[in-house]
There are 2 protein chains.
Amino acid sequence: MEDTLDYVGKPVPRKDGPEKVTGRARYTVDIRLPGMLVGGILRSPHPHARILNIDTSQARRLPGVKAVITAADTAGVKHGFVETPRYPADQDPLATDRVRFVGEEVAAVAATDPYVLAEALDLIRVDYEPLPAVFDPEEAMQPEAPEIHPSHPLVKEPFSNIAGKTETQWGDVELAFEMSDYVRQDRFESHLRTHGYLEPQATVASFEPGGKLRVWTSSQGPFIKRAKLARTLGLPYSAVRVSKAWVGGAFGGKIDLFSHEFCAALLSMKAGRPVRIEASREEIFTAYRHGQPLILEIKTGVKKDGTIMAQKIRTVNNCGANRGSGVVVIFLAWGFVMLPYRLPNLKYEGYAVYTNNPIRTPQRGHGAPQVRFAVESQLDMIAEELEIDPVEIRLKNARQSGERLPNGDNVHNCGLTQCIEKAAEHTRFREKYGEKYGRGRSQPPQTNEQTPSGSIRRGIGMGVSAYFGGSLIYPNSSSCVVKMGEEGGATLLTGAIDIGQGAETILSQIVAEELKIPVDEIQVIAADTETTPVDIGAWISGSAYVSGNAARVAATQVRRKLMHLAAEELGVPVEELDMAQKSVYMVRSPEKRLSYRQIVEASIRKRRGDSIIGEGHWRTMRDEPTHPSLASTKGRWSENYAFDVQVAEVEVDIQTGHARLIRAVTAHDCGFPINPLLVEGQIDGQVSMALGHAFMEELLMKDGRTLNPSWLDYRMPTAHNTAISEYIDVITEAYKKDAPYRTKEVGEGYVSAILGAIANAIYDAVGVRLVSTPFTPEKILRGLGKLT
Amino acid sequence: MEDTLDYVGKPVPRKDGPEKVTGRARYTVDIRLPGMLVGGILRSPHPHARILNIDTSQARRLPGVKAVITAADTAGVKHGFVETPRYPADQDPLATDRVRFVGEEVAAVAATDPYVLAEALDLIRVDYEPLPAVFDPEEAMQPEAPEIHPSHPLVKEPFSNIAGKTETQWGDVELAFEMSDYVRQDRFESHLRTHGYLEPQATVASFEPGGKLRVWTSSQGPFIKRAKLARTLGLPYSAVRVSKAWVGGAFGGKIDLFSHEFCAALLSMKAGRPVRIEASREEIFTAYRHGQPLILEIKTGVKKDGTIMAQKIRTVNNCGANRGSGVVVIFLAWGFVMLPYRLPNLKYEGYAVYTNNPIRTPQRGHGAPQVRFAVESQLDMIAEELEIDPVEIRLKNARQSGERLPNGDNVHNCGLTQCIEKAAEHTRFREKYGEKYGRGRSQPPQTNEQTPSGSIRRGIGMGVSAYFGGSLIYPNSSSCVVKMGEEGGATLLTGAIDIGQGAETILSQIVAEELKIPVDEIQVIAADTETTPVDIGAWISGSAYVSGNAARVAATQVRRKLMHLAAEELGVPVEELDMAQKSVYMVRSPEKRLSYRQIVEASIRKRRGDSIIGEGHWRTMRDEPTHPSLASTKGRWSENYAFDVQVAEVEVDIQTGHARLIRAVTAHDCGFPINPLLVEGQIDGQVSMALGHAFMEELLMKDGRTLNPSWLDYRMPTAHNTAISEYIDVITEAYKKDAPYRTKEVGEGYVSAILGAIANAIYDAVGVRLVSTPFTPEKILRGLGKLT
């Protein structure tokens, strides 16, 4: 199969490259419409307060103010990242009777210029009655904690402020602990990070006189935005059209409906003019949605040889003032626990807890980095106790193809063992690990001749992760339309959105391959709720697999039509024909051929006037009757579980406590790579994200207020910080056979495995076991006994 | 059939109404792109000259000038309205070695603002050597006339400057003249008018770094623009994307490629920034393409009872400096001659003649108004001679369904007789015509008591015309895609363009009807060479029929899918189901039903993830092997010939010579009206155009220069000039049976019949026979003997 591939599996450069590197790419903020107003939002200064009164009269009277809105102007429809009977929407687009976090949206204004806007926002008077607030999730669970929303009704335990709960089990954990040779329990904590997308959140909304609302907004998929905008505005879907502009990064942070999107739309409806709202970076840091800091308590029982007998995990997620995706993370975390290792007995309970913090949203990995940091760290702690090699203990427990999973699914295909072996071999892990690198274990660190300078220690560590591709949420399928052009090229209409991951390039390659048309001659029209068919959107690592297969099916339909038309024109049976280089030719006499141009010409002009159009559809688990829901932890989750192993090499300065990643090697069973260049790009790009996560980025909050709301104080990695990133692709034989479309996930798993690998490498280097992220000099010095 | 119609055949208001009447509709000039430059064109001051040298160096050095282009910067590809082996392209986008009309495009500039632009255009030095010029077509045909282009090689006669020729015959004309009781020959001339579209010609072009040229341009269909832009720029079609904005009138004047479109594109490619060129009204009047002034010599032989025995027609078209559509008009004119009346013997020859005038382009009716003015005028002259009633002579010669036409086709369906009868009856034509209204015949006019004031005379006249729907040129088919929305509405993707005729409304009605979805819930995405499938464009009266049927077929496919999905969900055979109000229900127990929303939901979410999409294709004469070309006058032209009769009532002031139309009654066999409101709109709208044609509008030229290049001096009718317009629709039984999609043409025919009707009415009023348009007071006074 691979031998016959012309465009798929090849390192095709990104289609969006030239526009982006020349600065000509148009993002949402570049859109200019005649008569466009500037919109802005008045936010709550309190983490928790009752709203007694809002007086907008002065603001409304200010010349240049064209619309002012508060909750009173809305349809009163709540929304939520999840909207199900179990988890009804709990979020107002504009605060009604109370505010629940600093920065919550209270009112919005559209004005002719930003100066009038600023003055108008100042002129709005809001009377608040401050209420007691709570910020720590474990405090929020106490009975005496202030109530933020009514607790999740299914939680019978005496916990307050429970936004959602996931509880499941497999086997008999307690019995398995009894039968274990060694059991230990540890607590791990992760910290608050934001996504750090470079393009700020921005929306342009234009309510047109015919009653149509047009919206351009920085997003990860326009269909979900349309659905939520329509519902909150009280409009039919058909009255709302959401279109893409280029997206300058998202990483999970632009999926859901944001209040500025709702406000831009409603302000445009009130003012009768287009309205643009662009969030300032300070607003994004302060009031927008961030990642999910999890607390994990893990109890693990093993046999002497390292075989895991049981795991019991309790997760607490500080989910902020609304459910957001906090309730999804506690559900997914269970998946990230169960996937990579054989766990014959597993008990899991996860709580998403309301606090008076900003709301949470998915962030690359969506819980996996936090979960894998904890599990991989503890696994090394166990291995050390049992005096087993970290590679060995991972190989012993690694899942194999065909194994049954705790959710009832089976791992139909798994290259994890090869990943562990190849990563270990490539990095000479066993040589480097332990003695040779001055590992501390329980004794204090010693000087080691092999390290570059007197105070520097090197260490190596390994982490494992797994992921899945596809979506559990609306819409969970993708459709594509492919139409042939008059010159033999083709246009793909897809709802899939390129947020920098290369979706348009990959989909072009797939259509190019099916039709044997050069990639350059595939035009992509993407991500507009009206011109393009429905698509799952760029999340849960679904684009390449779900949208990709929809594109493939659509192209196949076109292929069939081209072949049949050519057969008619040439007067030969279709079985005697094949395709290459934009032509259909007779296999036995290849000089007898028709170019696609001739076929299209024949069809449109000479024949019955049919242009050649194909449609294709796909969803994960296409032949399964139902998908699992958040309510059920059982059932098939994916048909393409991906596995990856990551080895980190670090240097730690024992004088300053400063640790840095110097090399990251990834072995990834990510299926057949449609575009190896993009796979590497995903992985290289994540090195910097992992660096930021491990060492640099932390959103510091006190009493619900962000203390470092700027790029200066919230430190993101730059080129200066980059580590060496190497990549080993591991394609299982089964996937090689089924290439090219049995692709798996790439891009989320890596950032998931690396935190554990780094923590283990730091331990290897200096004997300090870090149980919370980030890995700061302060914590390392404290571990070294140099700070108290 | 009609009884079951919910949306088709109903007076649905136009979809584009609210945006347009509120001023919020965005036309091409409203498009703003970041960094956009303003472009402008340097034009020839000479009607005919050799270009010796162009020096752009000073202009290029001017700060703010970002690009300057001349022919030297182009790919050297010519274009033409017609591009065939018989009629190869003869038009340069920018003049090369010579200019052939005043206003011809010589160079173009893109600059940061209009002031710099104006200065830069001034700084370009062009050295010309003036050449002898010719403006009158009959002079241009003389052997000694200056040669503008090499003459058409097939013309053997000693005529110069022949751009094209059509010659055909049917029967034996000379024999028939011999057998006639009465033969007469007359010469008619028509004058130069422009289209008078209110939106000026404008183009925004943006060459993007990835190599894609995006173009928004005021047009009658983006596909032809893309084809011609790509070819002249030397780009593949796939590198050019042409999108619609709203179009503020076109009337034939925005079909073809214009140099400003080419220049905006090339300037953007050179400057690397978006470029907008907007033509000034003076440029449009002076240098853009206008209608076609024809000279017709008609010799007709009749029997005593008025039966036409033979007609011999010679047409000369002053086609300007390039072929333009001048060669199409002399071909179509033959169609407009042969269609309405039974002509057993017919000989036709038409010449398109190059002159040093601006180029010609189609104009509403595309030759028919000129032809029918001549034929209808002469028919009344014959009737008078034979002392036959004008109604009678028309009824005697009117075509009937099934008759064979001189092109070999047959009139499959014809309501002309009913049109004549109904129009005559409705206007009490026979009562009013002649004696009662003071008709002059050969004696001088007399005072008539029934006229409103002493010097006012009333008259009534009749005209007949016929038209066809569909297209002979590329692309000659339309395709549509219909996709179901999540709420049970639908989106139509069509390349058809709404230029004010209501295409989007009509196509929405058709989709609404097929799917039983309210018109408001049909979204239309129109006229973009990438998002939408190929379409014939808004010309040759093809939109409603060709694009309409493509939309119907696409909707039918969706209908079938909805029915099958509903059958599966309900577990009943599809034969037991029907559709109404966005639901599929069981015919025998209508309470058992599924809403479309439920069906879409089931398909996208519960089933295999298929969104519901249909495609449809259509072309005229879909089952014919070939269309006729300009080279052959034989073969089927249309499958829906439309017929119309127009009665004009005029008042003529014998003191001032001023004539005015007071009432126009149209009986139109236009098939089944998809939207009666739009049919009436088309007809009412044309009253003003006919008024302008008959009495007011004339582009005055001297030596190739336009003397009245402004709205002040080129007088268009306003509300003040409007006449009463009444409409009688004539649907033949055959069409009633096949409703709703056996629609015919409406919108071109009417303006075609009225000139003859008005000329005949003026004769009826005051006995003055006008053989040239417009019908000025000067000509009438001269006819009355009051001017010499």
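Residues numbered from 1 in each chain as written. Chains lettered and ligands numbered in written order. Predicted model: local features only at pLDDT ≥ 70, side-chain atom pairs only at ≥ 80, totals over all residues. Heavy atoms only, no water.

Observations concerning the interface of chain B and chain A
In this assembly, 61 residues from chain B lie in contact with 61 residues from chain A. For the chain B and chain A pair, buried surface summed over both sides reaches about 5,000 Å², with 47% attributable to carbon and sulfur atoms. A per-residue breakdown of the area chain B buries against chain A is headed by R24(B), E486(B) and R608(B), which together make up 13% of the total. Across the pair E486(B) and R226(A) runs a salt bridge whose closest N-O atoms are separated by 2.6 Å. Counting every contact that joins chain B to chain A gives 30 residue pairs in polar contact (both at pLDDT 80 or more). (Contact = heavy atoms within 4.5 Å. Buried area = accessible area lost by both parts, 1.4 Å probe. Salt bridge = Lys/Arg side-chain N within 4 Å of Asp/Glu carboxyl O. Polar contact = N/O pair within 3.5 Å; in protein donor to acceptor, adjacent residues only side chain to side chain.)

Structural notes on the environment of A205(A)
All names here are of chain A. Along the chain, A205 falls in strand 9 (residues 202-207). Looking at A205, the relative accessible area reads 0%, which means it is buried. Residues A205 and E261 lie 56 residues apart in sequence; the distance between their C-alpha atoms is 7.9 Å. Residues contacting A205, with those up to four places away along its chain left out, are L213, R214, V215, A264, A265, S268, R273, P274 and V275. (Helix = DSSP H or I, 4+ residues; strand = E, 2+ residues; numbered from the N terminus. Buried < 20%, exposed > 50% of the residue type's maximum accessible area, 1.4 Å probe, protein only.)

Looking at the packing of aromatic side chains
The geometry of an aromatic ring pair is captured by two quantities: the separation of the ring centres and the angle between the planes. Residues and elements named next belong to chain A. Using the criterion set out here, one finds 30 aromatic pairs over all chains in the structure. Look at F373 and F775: their rings are 5.7 Å apart centre to centre, the planes differ by 50 degrees, and that puts the pair in the tilted class. Of this pair, F373 sits in helix 10 (residues 368-386) while F775 is found in the loop between helix 19 (749-766) and helix 20 (777-783), placing the two residues 402 residues apart along the sequence. The residues F373 and F775 share a single accessibility class, namely buried. Three or more aromatic residues joined by ring pairs make a cluster, and in this case those are F331, F336, Y467, F468 and W637. The cationic tip of R769 hangs over the ring face of Y763; the distance from NZ or CZ to the ring centre is 4.6 Å. (Phe/Tyr/Trp six-rings, centres within 6.5 Å; stacked < 30°, edge-to-face > 60°. Lys NZ or Arg CZ within 6 Å of the ring centre and 35° of its normal.)

Describing the packing of helix 6 (residues 222-233) of chain A against helix 7 (residues 259-271) of chain A
All names here are of chain A. Closest axis-to-axis distance for the helix 6/helix 7 pair is 10 Å, and the angle between their directions is 55 degrees. On the basis of the axis angle, helix 6 is oblique to helix 7. Here the hand of the crossing between helix 6 and helix 7 comes out right-handed. Note on element contacts: helix 7 touches helix 6 through E261, F262, A265, L266 and M269, opposite K225, L229, T232 and L233. Of the residues in the contact of helix 6 with helix 7, the class split is 6 nonpolar, 1 polar and 2 charged. (Axes fitted to C-alpha atoms, helices over the stretch in contact; angles between N-to-C directions. Parallel < 35°, antiparallel > 145°, perpendicular 65-115°, else oblique. Left-handed = near helix turned anticlockwise from the far one by under 90°. Nonpolar A, V, L, I, M, F, W, Y, C, P; charged D, E, K, R; others polar.)

Description of the packing of helix 9 (residues 326-338) of chain A against helix 10 of chain A
When two helices pack together, their arrangement is given by the angle between the helix axes and the distance between those axes. Residues and elements named next belong to chain A. Running from N to C, helix 9 and helix 10 cross one another at 40 degrees; their axes reach a closest spacing of 9 Å. The pairing of helix 9 with helix 10 is recorded here as oblique in orientation. Taken as a pair, helix 9 and helix 10 cross one another with a handedness that is right-handed. On the side of helix 9, the interface is formed by A333, F336 and V337, while helix 10 contributes A368, V371 and R372. Within the contact of helix 9 with helix 10, the residues separate by chemical class into 5 nonpolar, no polar and 1 charged.

Observations concerning the environment of E144(A)
Note that E144(A) resides in the loop between helix 4 (137-140) and strand 7 (162-170). Residue class for E144(A) comes out exposed when judged on its relative accessible area of 64%.

Focus on the pattern of salt bridges
All names here are of chain A. Counting across every chain of the model gives 96 salt bridges over all chains. Residues E349 and R314 are paired through a salt bridge, measuring 3.3 Å at the closest nitrogen-oxygen approach. Of this pair, E349 sits in strand 15 (residues 346-354) while R314 sits in strand 14 (residues 308-320), and the two are 35 residues apart along the sequence. Residues R430 and D389 are paired through a salt bridge, measuring 3.8 Å at the closest nitrogen-oxygen approach. You can see R430 sitting in helix 13 (residues 429-432) and its partner D389 sitting in the loop between helix 10 and helix 11 (390-397), a full 41 residues away along the chain. Linked through salt bridges whose partners overlap, the residues forming this network are E83, K228, R231, D256 and R289.

A closer look at the confidence of the model for chain A
Residue and element names in this part refer to chain A. The predicted model of chain A has a mean per-residue pLDDT of 92, with 95% of residues at 70 or higher. For residues 437-451, every residue scores under 50 in pLDDT, and the model assigns this stretch 35 contacts once sequence neighbours within four places are set aside. Interface confidence for the predicted complex, expressed as ipTM, amounts to 0.89; the pTM equals 0.92. (pLDDT = per-residue confidence, 0-100.)

Digging into the domain arrangement of chain A
Residues and elements named next belong to chain A. When cut into domains, chain A gives domain 1 (17-24 + 473-619), domain 2 (31-131 + 197-250 + 254-287) and domain 3 (294-471 + 627-783). Centre-to-centre separation of domain 1 and domain 2, based on C-alpha positions: 38 Å. At the interface, 22 residues of domain 1 touch 22 residues of domain 2. For the pair domain 1 and domain 2, the summed buried surface comes to about 1,800 Å²; carbon and sulfur atoms form 61% of the total. Where domain 1 meets domain 2, there are 8 residue pairs in polar contact (both at pLDDT 80 or more). Per-class residue counts for the side of domain 1 that touches domain 2 are 10 nonpolar, 5 polar and 7 charged. (Domains from an automatic or database assignment.)

As for the relation of the copies chain B and chain A
Structural alignment of chain B on chain A gives an RMSD of 0.1 Å, achieved by rotating through 180 degrees and translating 0.0 Å along the axis. Taken together, the turn and the small shift mark the pair as related by a two-fold rotation axis. Counting the interface residues of chain B, we find that 100% of their copies in chain A are interface residues as well, pointing to one common contact surface. (Least-squares fit on C-alpha atoms with pLDDT ≥ 70 in both.)

A few points about the sheet that holds strand 11 (residues 240-243) of chain A
Paired through backbone hydrogen bonds, the strands of a sheet run either parallel or antiparallel to each other. Residue and element names in this part refer to chain A. Here 7 strands make up an open sheet; going across it, the order is 3-5-1-12-9-10-11 and the pairing mixed. Both outer strands of the open sheet, strand 3 (65-70) and strand 11, are each paired with one neighbouring strand and no more. The mean inter-strand angle of the sheet, taken between neighbouring strand axes irrespective of direction, is 20 degrees. With 4 bridges joining them, strand 9 and strand 12 (residues 275-278) adopt antiparallel strand pairing. Paired with A205 across the two strands is V275, which belongs to strand 12. On the sheet, helix 6 packs against strand 10 (213-217) and strand 11 and is oriented at approximately 150 degrees with respect to strand 11. With respect to the sheet, helix 7 is in contact with strand 1 (37-43), strand 3, strand 5 (105-111), strand 9, strand 10 and strand 12, its orientation differing from that of strand 9 by roughly 25 degrees. (Pairing = 2+ DSSP bridges.)

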